[in-house]
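Structure at a glance
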Amino acid sequence: MDPNLPCAQEGCELQNDNWLCLKCHNQFCGRSGNGHMKEHFQHNNEHCLCVSYKHNACWCYVCNAYIRHPLLAVVHGAIQAATGSRPPKDALMTAQPTSTAPAPDDVRDEADRTLDKSRTGFIPDMKFDCPHVHDEHMFNSHELAVNIQAPCACCGDATENWLCLSCHQVMCSRYVKGHMKKHCIDERHCLALSFSDLSVWCYQCDSYISDPTLRPLLAAANRAKFTQQSAVAAPTGPAAAEVAATSTSTGPTAATAAAASAATSAGPAPGADDVRDEEDRRLDRSQTGFQADIKYDCPHCEDEAMLSQADLHLDIQAPCALCHDRTENWLCLGCHQVMCSRYVKGHMKKHCIDERHCLALSFSDLSVWCYQCESYVAHPRLRPFLKALEMAKFG
């Protein structure tokens, strides 16, 4: 292993961004160079794993994703010793066995009890086709009230709780005493909502899940969490659209009202390179926050011209390509240019409209916005981008 060696491909002398094949130990340049590592895999299908000297991250061409595994710890250690590049945070971390006896009401198994000592973090895989969301016994939205402050019904702990979406009981997570997991297994209530990050877990699918049916629940949880009061989820099913149409305050009318309110605040004249319209310029002075609706069927996520993974290299610290601002930038998923948000000078919005590149990824919160759909979007094809960005942002 010598990171200073050039690409092994005949005639290629690139050195600055090479990858090591974990099968044959030859090293080739990445997609930012001449793409010889990918070409090496295409000619040798068993050589699907490679590790970057630059980022100390492992890529699998078969899975088409960055991967993490305990067996890679030796590889990451060797790369770090040779280059000084740090491995992914959880690559070398393993849970340490607990040395204290659990409390009498701690119902976790040994594996779950080690979680609160390791706290290594992870990148969750999302399941978009969970069948249990459509089972009325598993997801009972009738009179579903969300009280973020409610303690665990079993132990009274209020630090990290979940809401059972079947019987609406609140119980603690596996990071506390594991009462929600035990409840869901014992009662066969498989769906639970986290009060910490508003994610939904299915114990039957053993996965985080996402589904349009959950939108009213997540909207209610968001209101409860960020307005510090209880909220009732809107009903799901055929009547949901009619109820939402008559009761919601989001949409163009609300946006217009917010803009009118913000218009009363004065601010400095925009700079010469500020391409925002008046409505967008008011955003950075109002900063009122909002509940984001997510579109799950954005057709542009299926368009190769809008979503390109070729030669994608993420640099969270990259400045806006036009004004060089670094405070809040987005990545165009069509051409991979980095530009500032509408809270700064609006260069990404102008770029996407001018070039018809409608998908952009936020460096701030890892969300994806579609300028054609005018909505935040979620789609399985976005997973590689989100995983790559999370690795770049959090290690």
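Above this text sits the structure in question.
For clarity, every value in this text was computed on a predicted model and none was experimentally measured.

**A closer look at the sheet that holds strand β2 (residues 27-29)**
Sheet architecture is open: 5 strands sit in the order β2-β1-β3-β4-β5, paired in antiparallel fashion. Looking at strand neighbours, the two that pair on one side only are β2 and β5 (65-67), the edges of this open sheet. On average, each strand axis in the sheet is inclined to that of its neighbour by 40 degrees, with strand direction left out of account. With 3 bridges connecting them, strand β4 (residues 58-60) and β5 associate as antiparallel partners. Its bridge partner being in β5, W59 is matched across the sheet by Y66. Each of β1 (18-21), β2 and β3 (49-52) is contacted by helix α1 (residues 36-43), which is oriented at about 120 degrees to β2, the strand it contacts most.

**Regarding the sheet that holds strand β19 (residues 375-377)**
Taken in spatial order, the 6 strands line up as β14-β19-β18-β17-β15-β16 in an open sheet, and their pairing is mixed. If you trace the sheet from one side to the other, it starts and ends with β14 (294-295) and β16 (338-340), each paired once. When strand β15 (residues 329-332) meets strand β17 (residues 359-362), the two strands line up antiparallel, connected through 3 bridges. Within β17, the position partnered with L331 by the bridge is L361. Packing against the sheet, helix α10 (residues 347-355) makes contact with β15, β16 and β17, and its axis sits at approximately 120 degrees to β16.

**Some remarks on the environment of C58**
Note on placement: C58 falls in strand β4. A relative accessible area of 2% means that C58 is categorised as buried. Sequence separation between C58 and L22 is 36 residues, and the spatial gap between their C-alpha atoms is 9.4 Å.

The rules behind each value
Residues numbered from 1 in each chain as written. Predicted model: local features only at pLDDT ≥ 70, side-chain atom pairs only at ≥ 80, totals over all residues. Heavy atoms only, no water. Pairing = 2+ DSSP bridges. Helix = DSSP H or I, 4+ residues; strand = E, 2+ residues; numbered from the N terminus. Axes fitted to C-alpha atoms, helices over the stretch in contact; angles between N-to-C directions. Contact = heavy atoms within 4.5 Å. Buried < 20%, exposed > 50% of the residue type's maximum accessible area, 1.4 Å probe, protein only.

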